Amino acid sequence: AGAKPGVNRLNDNSVTIVLSDPAAKKQYAFLLGSFNNWVISEDYYMNRTPSGQYYWITLTNLEPNTDYLYQFLIDGTLKIADPFCEQISDPWNDKYISTTTYPNLPAYPDGKTTGIASVFRTNKEQYTWQVESFAAPKKTDLVIYELHIRDFLGDEYVNTLTDTLNYLQELGINAIELMPIMEFEGNDSWGYNPSFYFAPDKAYGTPTDYKRFIDECHQRGIAVILDIVLNHSFGQSPFVQMYFDANAGDYGQPTADNPWFNQTCPHQPWCWGYDFNVESTHTQYLFDRVIEYWLTEYKADGFRFDFTKGFTNKVSDGWAYDAARIKNLKRIADKAWSINPNTYIILEHLTDNSEETELASYGMMLWGNMNHAYNEATMGWITNSNFSGVSYKQRGWNVPHLIGYMESHDEERLMYKNLTYGNSQNPNHNVKNLDVALKRNALAATFFFTIPGPKMVWQFGELGYDYSIDENGRVGRKPIRWDYYSDYNRKQLYNTYAQLIRLKTDYEVFETTTFTTYLSAAVKWIKLDGEDMDAAVIGNFNVDTETADFTFPATGKWYEFFTQDSITVSNTKVTFTLNPGEYRLYTTQRIKKGDVYVGIKPIADNKIEQINIWPNPATSSFTLNFNLTNPESYTVSLVNLMGQKVATLHSAKGYSGANTAELVIPNNIVPNVYLCVVQTGTATKVAKLVVK
């Protein structure tokens, strides 16, 4: 009673394992595993419910803190892993996962079985959450940073991503969208070939590592959005394998009895892998379980659903309005909102605007791809540079639920095209010149973040990443260029992004519903009418100087943010002469640059005083001295100038008054300038340390 497909833990010594067969076409099943040395035995012949839809067995006398591997043997020939398992043992790929990324990975039972196995413990590790209930940023404030762990970090380790959050927090983003982390085929992938929906991929770390990452994000006010693929799966999936005809089609296909998949994909030509039958109640049950699991077990804040245009069985190319598809998506959203009413539901939809309008009005957010128009603008080709579609109003929506983006994992990089195809007609403003191209991306960013509505940034776009999406093949590994951060002009682009993000999230005018845009010509502008102040943005996207008339919303004093200059507008119509790539951001109240904080705002320092380091520079060790006004535990870390924590040096209970620690510099710390960070639960203090 009450058992669900998968492992049902009864206590530290027993579990009930359930295999679901909604079609009820299989005849019998055995459980194989490390508990019976992978030998077929009457003792592990699985019970079958009267309906024929479930097989189950209860295992007893199990040991806690022990990894048990298992498979189902169905009708004497088919071996599959548990499709609801939370970890797999892969005979082909696990051997390439480092012990640092995943310590104590259970060994695959070579010679005893074949194919992927499942793993369980009777008492799986419980993570202690520091943030039990997270207040996620409101939708209108969202600035999402989309990243792929493999191509963002040299060691592809989610723990390293946790230690790199300073970099993203300094940028000002308030949400991170991870490309798919659910167990995918192989270790090296974008992740859009999922196979086990309840298991985080081991290539990036352990379940605890993923939870620690989300928890640390929440402590910093950053939401975590998971990219999830429920349109399709591939041949490694047990849901595919249970009912599959290997001789059908070019690569085989699901049989007509498959409870979860269509035999063939109905929305040609937009098809990948094997297409989920979203109308099936069994598929809907699976989707509901997946959504509930990641919202509760991992405290994810939302999902970006891949290719939701495919969430239909209607035979078409997917572009036209489809009431059945809308019904399917509303059902999924309602399930998520029943668990957490604030769950972000983000769709990669790209269909008829009437359909997207209805979904947006229902509370979902939709991707707004403006890559081509923004890139035409940054390259200096004006004819097709109208990116007004980044505004939800331009699409006729009543709610700001359009997530506009200039770049995503799926689009060409702005800087690559700037340098390759940029307008070079003016030798004094040649877009193929890196410094010019970077400034033009800053111009585009000014016309991106200031338009109300949620926004998304693709990794390293803030540093002008200039490798093509097709480098090493479209989904292949890309060079990881953290050294860009040390380049002055690239860092200026980063700073511009950071300033604009702070303006967007900190000042009401940039989320006003009263705004107009003119974005079709070389000189483009935005006007925003806020409650506390008004704002106006004007910029020249041409490669030559332009003179244009601009009508301010009101007379009076207008303050330019970037130059910190001001003008007095006595006649609202003003003629501007703008150099190529020049832009201005005016507000009716002065916003001091110092009030737009780039970096991590220091915690009110009421407990740590007089931090001193000697010797400084240091070689192998140094002495740290500081005062605490009250006794409190503290940690000491080294952070590089890109915001990545490179070492934790010390952790101790501090005393009221003077505290001294003799600290050893790890051998792997290369000569450079670092930040020595002393942190308590309520305060942070930083000093520079030179390692020579």
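The structure we're discussing is the one just above.
In this report, the structure presented in the accompanying data block is examined. As the structure is a computational prediction, the values presented were derived from the model and not from experiment.

## Regarding empty space enclosed by the protein
Under the counting rule described, the total for this entry stands at five cavities of 30 Å³ or more. Of the volumes computed, that of the largest cavity is approximately 80 Å³. Taken together, Asp151, Trp190, Arg413, Trp458, Gln459, Phe460, Tyr465, Arg474, Gly476, Lys478 and Pro479 make up the full set of residues lining the largest cavity. Residue composition of the lining of the largest cavity, grouped by class: five nonpolar, two polar and four charged.

## A short note on the packing of helix H6 (residues 281–296) against helix H7 (residues 323–339)
Geometry of a packed helix pair, given as the angle between the helix axes and the separation of the axes. It is at 10 Å that the axes of H6 and H7 come closest, and there the two elements cross at 35 degrees. By crossing handedness, the relation of H6 to H7 is classed as right-handed. Residue-level contacts link Gln284, Phe287, Asp288, Ile291, Glu292, Leu295 and Thr296 of H6 to Asn328, Arg331, Ile332, Lys335, Ala336 and Ile339 of H7. The residue makeup of the contact of H6 with H7, split by class, is six nonpolar, three polar and four charged.

## Remarks on the sheet that holds strand S35 (residues 645–653)
Pairing is antiparallel in the open sheet, where four strands are placed in the order S35-S34-S37-S38. This sheet does not close on itself; its edge strands, each paired only once, are S35 and strand S38 (684–691). Neighbour-to-neighbour, the strand axes of the sheet open up by a mean angle of 20 degrees, direction not taken into account. Alignment of strand S34 (residues 633–639) against strand S37 (residues 672–679), held across five bridges, turns out to be antiparallel. Counterpart to Leu638 in the pairing with S37 is Cys676.

## Side note on the side chain of Asn93
Among the secondary structure elements, Asn93 is positioned in the loop between strand S8 (88–89) and strand S9 (117–120). Taking relative accessible area as the criterion, Asn93 reaches 16% and is therefore assigned buried. Discounting residues that sit within four places of it in the chain, Asn93 has contacts with Gly186 and Asn187.

## Looking at the nonpolar core
Ranked by size, the top nonpolar core spans 146 residues in total, and within it Leu31, Leu59, Tyr145, Ile176 and Phe213 carry the most contacts. In terms of nonpolar packing, the next biggest core, distinct from the first, is built from 24 residues, Tyr634, Ala647, Leu649 and Ala687 among them.

Definitions and limits used
- Residues numbered from 1 in each chain as written.
- Predicted model: local features only at pLDDT ≥ 70, side-chain atom pairs only at ≥ 80, totals over all residues.
- Heavy atoms only, no water.
- 1 Å grid on protein atoms, 1.4 Å probe; cavity = no way out; pocket = protein on both sides within 12 Å on 5 of 7 lines; lining within 4 Å.
- Points joined across faces, edges and corners; volume = space filled by probe spheres on them.
- Nonpolar A, V, L, I, M, F, W, Y, C, P; charged D, E, K, R; others polar.
- Axes fitted to C-alpha atoms, helices over the stretch in contact; angles between N-to-C directions.
- Helix = DSSP H or I, 4+ residues; strand = E, 2+ residues; numbered from the N terminus.
- Left-handed = near helix turned anticlockwise from the far one by under 90°.
- Contact = heavy atoms within 4.5 Å.
- Pairing = 2+ DSSP bridges.
- Buried < 20%, exposed > 50% of the residue type's maximum accessible area, 1.4 Å probe, protein only.
- Core = buried A, V, L, I, M, F, W, Y, C linked by side-chain atoms within 4.5 Å.

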